[in-house]
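Structural description and commentary
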Amino acid sequence: MKYSKIPVARSVVALCVAKNIKHVVISPGSRNAPLTIGFTHHDDITAYSIVDERCAAFFALGIAQQKRTPVALVCTSGSALLNYYPAIAEAFYSDIPLVVISADRPIERIDIGDGQTIRQKNVFENHILYSANLYSELVLEHQSEDAKLQQKQFEARKHNEREINLALNKAIEDKGPVHINVPFYEPLYDTVEHIEVDPLQILPEVNEKHYIEAQLNSYVQEWNSAKRKMVIVGVAQPNLIEQQFLDMLAKDPSVIVFTETTSNIHHPDFFTRIDTLVGPIEKEENKEELFKKLQPDILLTFGGMIVSKKIKNFLRNYNPKHHWHVDSKKAYNTFFCLNKHFETEVNDFFHSFMPLIETVDSDYGNFWKDVKSNRQQRHEEYMSEIPYSDLKAMQLIVPEVPDHSIVHFANSSTIRYAQLFEWDRSLNTFCNRGTSGIDGSTSTSVGAAVASDKPVLFITGDLSFFYDSNALWNDHIPSNYRIILLNNYGGGIFRILPGNKDSENFDTFFETTHELQAKPVCELHGFYYSKASNEKEIEHELKAFFDASEKPKLLEIFTPRKMNDKVLLEYFSFMKS
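As the structure is a prediction and not an experimental result, all values here were calculated from the model.

Of the two faces of strand β14 (residues 406-409), both are covered, the one formed by Ile 406 and His 408 as well as the one formed by Val 407 and Phe 409. Note that β14 and strand β15 (residues 428-431) share 4 bridges and pair parallel. Its bridge partner being in β15, Phe 409 is matched across the sheet by Cys 431.

Our focus in this paragraph is unusual backbone geometry. At the junction of Glu 186 and Pro 187, the peptide bond is cis and its omega measures out at 5° in the coordinates. A positive phi angle, close to 55°, is found at Lys 175, a residue other than glycine. Tracing the backbone shows Lys 175 in the loop between α6 (147-174) and β7 (178-183).

Bringing the environment of Cys 55 into the picture now. In this fold, Cys 55 is placed in helix α3 (residues 53-67). Setting aside residues up to four positions removed in sequence, Cys 55 forms contacts with Ile 50, Ser 443, Asp 468, Asn 470 and Ala 471.

Our next topic: the state of the cysteines. The full count for this structure, using the stated rule, is 0 disulfides. Just so you know, Cys 431 is unpaired, no disulfide at all, and the nearest cysteine sulfur is the one on Cys 55, 17 Å from it.

A few words on the pairing of β15. Of the two faces of β15, the one holding Asn 428 and Phe 430 and the one holding Thr 429 and Cys 431 are both buried throughout. Of the crossover connections in this fold, the one passing from β14 over helix α15 (residues 413-418) to the parallel β15 is right-handed.

Take the nonpolar core next. Taken as a class, soluble globular proteins show a tendency for nonpolar side chains to be buried jointly. Val 25, Leu 73, Tyr 84, Phe 465, Leu 472 and Tyr 481 are the most contacted members of the largest nonpolar core, which has 47 residues in total. Broken down by element, the residue count for this core peaks at 9 residues, all from α3. Excluding anything up to four places from it in sequence, Tyr 481 contacts Thr 442, Ser 445, Val 446, Ala 449, Val 456, Phe 458, Leu 472, Phe 527, Pro 552 and Lys 553. Formed by 38 residues, the second largest nonpolar core is a distinct cluster that contains Ala 418, Ile 459, Leu 555 and Ile 557.

About the thresholds
Per-chain numbering applies: the sequence of each chain, read as written, is numbered from 1 onward. Local features are withheld for residues below a pLDDT of 70 in this predicted model, meaning they are given only at 70 or higher, and side-chain atom pairs are given and counted only at 80 or more; totals for whole chains, interfaces and linings count all residues. Side-chain measures here rest on the full set of heavy atoms in the structure, leaving out hydrogens and waters. Here the term buried applies to any residue with accessible area under 20% of the maximum for its type, exposed to any over 50%, and partly exposed to those in between, with areas from a 1.4 Å probe on protein chains only. The helix and strand labels rest on DSSP assignments: H or I over at least four residues marks a helix, E over at least two residues marks a strand, and numbering proceeds from the N terminus. Pairs of strands are assigned from DSSP output, requiring at least two bridges between the strands. Pairs of residues are marked as contacts when any of their non-hydrogen atoms sit within 4.5 Å. Disulfides are defined as pairs of cysteine sulfur atoms found within 2.5 Å of each other. If the strands point away from the viewer and the path from the first strand over the helix to the second runs clockwise, then the crossover is right-handed. In this description, a nonpolar core means a group of buried Ala, Val, Leu, Ile, Met, Phe, Trp, Tyr and Cys residues linked to one another through side-chain atoms lying within 4.5 Å.

As structure tokens, this is what we get:
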């Protein structure tokens, strides 16, 4: 194997391998050559080359999301590093472990007019779990006999080894992004062979917190006396919660459980379409009475971000007496009433809590289950009547997705349409809801497709797709990867949001209308391309869309720009009883 001649580069590679980092995404550059040489020549590392650093970072995010272990990113110095920031923010808020390793100039070369040089130290400080700023390590032609110089070299090496350990451990322990900044002196490409590397190793610590009965008693008393309990599950990894606990919650008549497409948990008695339940209440004449009837005494939440804006607005206006959140790392005061954070894993909490609770007699669950049943009937009626639109296209897509697939949704309209449908419980569903940006959805789904043995389907809107079209500029995309692109020639969500759609600058500066189509992008990147512009064409194209192929496929579905918002907004009016 080849190793860089620079000791700190060898330490970075050795410690990444020692901590079981197996996937490294590298963007081209010269200053990062010592790292590139080390990672690409190591037998235990799978390295990927991605030119566009923003895409590279989201690609790595997709791998880490599926593997649930840290993935490393390597880039050169200068503005290359800044292109990682959107994915770093997403990883920070979504608890996904990324290890950013940036090459840099030595400190004395910063701010003196040297090329490709910026202030990289602590550049991600607001959205990073740990920043390791390493020292440059000199490589001399001959071993110095100067004792003071030898001591300085030793201290620099030990400082670097400790900082690398602490950064990598933080990514492992707290599941989030860390940054290791490595300044290199030239020459950068010199290598050595068969060199022993034995850096200091500090093992990660995982401190699990468990609650005993005495700590839970006061909360159990509150739970057992409350007749209206609401549980909301945000973004969650598949199989996060043991089924026995889901069954217990479902059987309690004083409990209703709200889930979303990205919650990845299932039970026939759960409320999987929050907006379908809450949205129509806003249209009812007795909405105040209904909202008070829905208002819980206790709100229990777990998982990550919640998609539904309607449930957020409802709970902010109709606060529960108690909001408890279960998560080993953090708790957001989303509804401005958080009064307890159980700092433990969800299953550990339920193992301690559920044996202590009692079933409470209440009509809360049954009342809202009746409403849910009525909403389902109204949903089916409405969907049978609506004209061709985004909503109709999504209805046609849902039953055709192969079982046991991974489905990635782009942000904005796409994920919101997805919330209105029942998806097969065998699917694993994902969306970048940490920051809810459209900027890296495609790249994340490509990374997921590379990391998983399951086929990946990415469902996206046009702005999200074209924004991140460089995601397809790599040689790693598997042939079973699929994209369904809903192209309504603009940012359709802005027609749904409150605002003056007929204002002078709406089309240009809000909806940002365009005439782009995906066929040239597919030809450029070697995708099979097909298109549809009505219901029959969608049904026809979907018949063979998921069949095995030699290349990945994209289906572009064109929908009427000025019809989609009308169909969606009328949906909630139609749903009301």
